[in-house]
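Next come the chains, spelled out residue by residue.
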Amino acid sequence: MAGVDRRIPIQTLLATAEPGNPVTVTGWVKTSRFSKNVSFLHLYDGSGPKTVQVVLSKETGLEMQSELGQGTSVKVVGAWVESRGGKQAVEIKADTVEVVGAGNPTEYPIQKKRTSFEFLRTIAHLRPRTNTFQSVFRVRNALAWQIHSYFQERGFLWIHTPIITASDAEGAGEMFRVQVGDDKEGFFGKEAFLTVSGQLAVENFAQAFTDVYTFGPTFRAENSNTARHAAEFWMIEPEIAFGDLDDVMALAEDFIRVVATKTIEQCRDDFDFFDLRIEKDVSKNVLAAVEKPFARITHDEAQDLLVASGRKFEHKVGRGEALQTEHERYLAEEHFKGPVFVTDYPREQKAFYMRVNDDERTVAATDLLVPRIGEILGGSQREERPDVLDEQLKRFDLPEAPYWWYRDLRRFGTTPHGGFGLGFERMLMWLTGMQNIRDVIPFPRAPGQADF
Ligand code: 4AD
Ligand code: MG
């Protein structure tokens, strides 16, 4: 146990400290209660969802009552003792309480009655102090950690693909332009953009290191103001050489299963909160969903199922039509009641780099659909044949020049290869039950929204 001068994280204190020792904690007042004989503070420091109870002597309580409102930052030195109250086993009996920073509780914007998520987005600098966002950002950290662990334990190399790029990785023209002043082509001598995906860049490294991944921010200027789209979001993109679409799906399934299970395990207390307050039993349902093998159907079969469902959808269904979120959610939520891979999409619906199937009508693509979210990841086997890749570029009306290096990969030791991209925030939404992507990212960027 740390000495009196060294602060101990509250979570560590609650989990491991033996009563009877001196202790120092620092943190913020969540609640305080003052009475004639004895007073209480509940402190948090972000290390876990549980607060620690601090018992103040009669004198300290009377003297400091006006200073110890919600939001005040404090340093408490005292003894870690068995509690007499029923709610907690152990508590701090304070010797000294030092106010580090005044909280101004009457002006503090986080009041009990005004804590809708919409309101909290307007004070994104303060919302990390609320119970929900404390749990969200601990889980976000744990998920990132588990993702890296998954790949690192399996020999995948983490490649830092560039943020600024000259090529449109998805060929969809949804890029933010990077420009200095009015000079469109000055700095780089050509137009440059924020990347929409690290995939094309990371493919180069798969053709040298076999198993690689990128994990970083990506940017999309699509004007879809939905609860599932952000203009800036993080993506995880593994890429494997000497592999086909089945290998990509096997990797995706194992990855989702392991990472979901371990993240929930790592943040058990936070998931108790989500299960109770955000979406009933969300973590239990996720664990049950990843336990069984994921369903697999082709795009044609998916469309047939939608037609046969007799449902009234807003968007058209039937072979050759596109899967919209309402369809994806019907399939995952109601038909399969769990994750489902849809494969073999019509060629013109997907990106130019996807491998053309023998039927020449579809590509070796897959989207993984999950309940509540719809598409959580998208992947494919890549077109490794130089002539077919060039034909695809033509079909999609894309110029060859910016892709010269991508085309080179197909000339020098090409391999069947593929990978997928997982939307990091969508995975977080699925795990936690949070319903808006703006509430699982520290400072959300969406059309008309770039505050803080
Ligand atoms: O399906 P997408 O566009 O696929 C790619 O970018 C490929 N290059 C991936 C690959 O094969 N390496 O995007 C991948 C995932 C989607 O399934 C979705 O979860 C997420 O990224 N995503 C978004 N998340 C939040 N906001 C947006 N605007 C998103 N667009 C895609
Ligand atoms: Mg996609």
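Above: the structure in question.
How each quantity is defined
- Residues numbered from 1 in each chain as written.
- Chains lettered and ligands numbered in written order.
- Predicted model: local features only at pLDDT ≥ 70, side-chain atom pairs only at ≥ 80, totals over all residues.
- Heavy atoms only, no water.
- Helix = DSSP H or I, 4+ residues; strand = E, 2+ residues; numbered from the N terminus.
- Buried < 20%, exposed > 50% of the residue type's maximum accessible area, 1.4 Å probe, protein only.
- Contact = heavy atoms within 4.5 Å.
- Areas by Shrake-Rupley, 256 points an atom, 1.4 Å probe, with all protein chains shown as cover.
- Lys, Arg positive; Asp, Glu negative; His and termini not counted.
- Charge placed at Lys NZ, Arg CZ, Asp CG, Glu CD.
- Polar contact = N/O pair within 3.5 Å; in protein donor to acceptor, adjacent residues only side chain to side chain.
- Near = heavy atom within 4 Å.
- Nonpolar A, V, L, I, M, F, W, Y, C, P; charged D, E, K, R; others polar.

A. The arrangement of the overall build of the chain in detail. Each helix and strand in the chain was counted, giving 13 helices and 16 strands. Here the chain holds 452 residues, and the buried ones make up 50% of them. Put simply, 66% of the contacts in the chain that link residues at least 6 apart link residues at least 24 apart. Here the chain has roughly 21600 Å² of accessible surface; of this, 51% comes from carbon and sulfur atoms. Separation between the mean location of the 54 positive side-chain charges and that of the 66 negative ones in the chain comes to 7 Å.

B. Spotlight on the environment of Thr343. Residue position: Thr343 is located in strand β13 (residues 340-346). Residue class for Thr343 comes out buried when judged on its relative accessible area of 7%. As for Thr343 and Lys316, which are separated by 27 residues in sequence, their C-alpha atoms are 19 Å apart. Each residue touching Thr343, except ones within four places of it in the same chain, is listed here: Leu245, Met249, Ile297, Thr298, His299, Ala365 and Thr366. A distance of 2.8 Å separates the side chain of Thr343 from the side chain of Asp344, its partner in a polar contact.

C. How the structure looks around the site of ligand 1. Within the structure, ligand 1 sits among 24 residues, and Glu170, Gln199, Arg220, Glu237 and Glu375 are positioned closest to it. One of the backbone nitrogen or oxygen atoms of Ile376 is found 2.8 Å away from an oxygen atom of ligand 1. Phe420 has a polar backbone atom sitting 3.4 Å from a nitrogen atom of ligand 1. With the chains in place, 94% of the 620 Å² that ligand 1 exposes on its own is no longer accessible. Looking at the shell around ligand 1, the element that brings in the most residues is strand β15 (residues 374-381), giving five residues. When grouped by side-chain class, the residues that make up the shell around ligand 1 number eight nonpolar, eight polar and eight charged.

D. Structural context of the side chain of Gln146. Among the structural elements, Gln146 can be located in helix α4 (residues 131-153). Setting aside residues up to four positions removed in sequence, Gln146 forms contacts with Val259, Lys262, Thr263 and Gln266.

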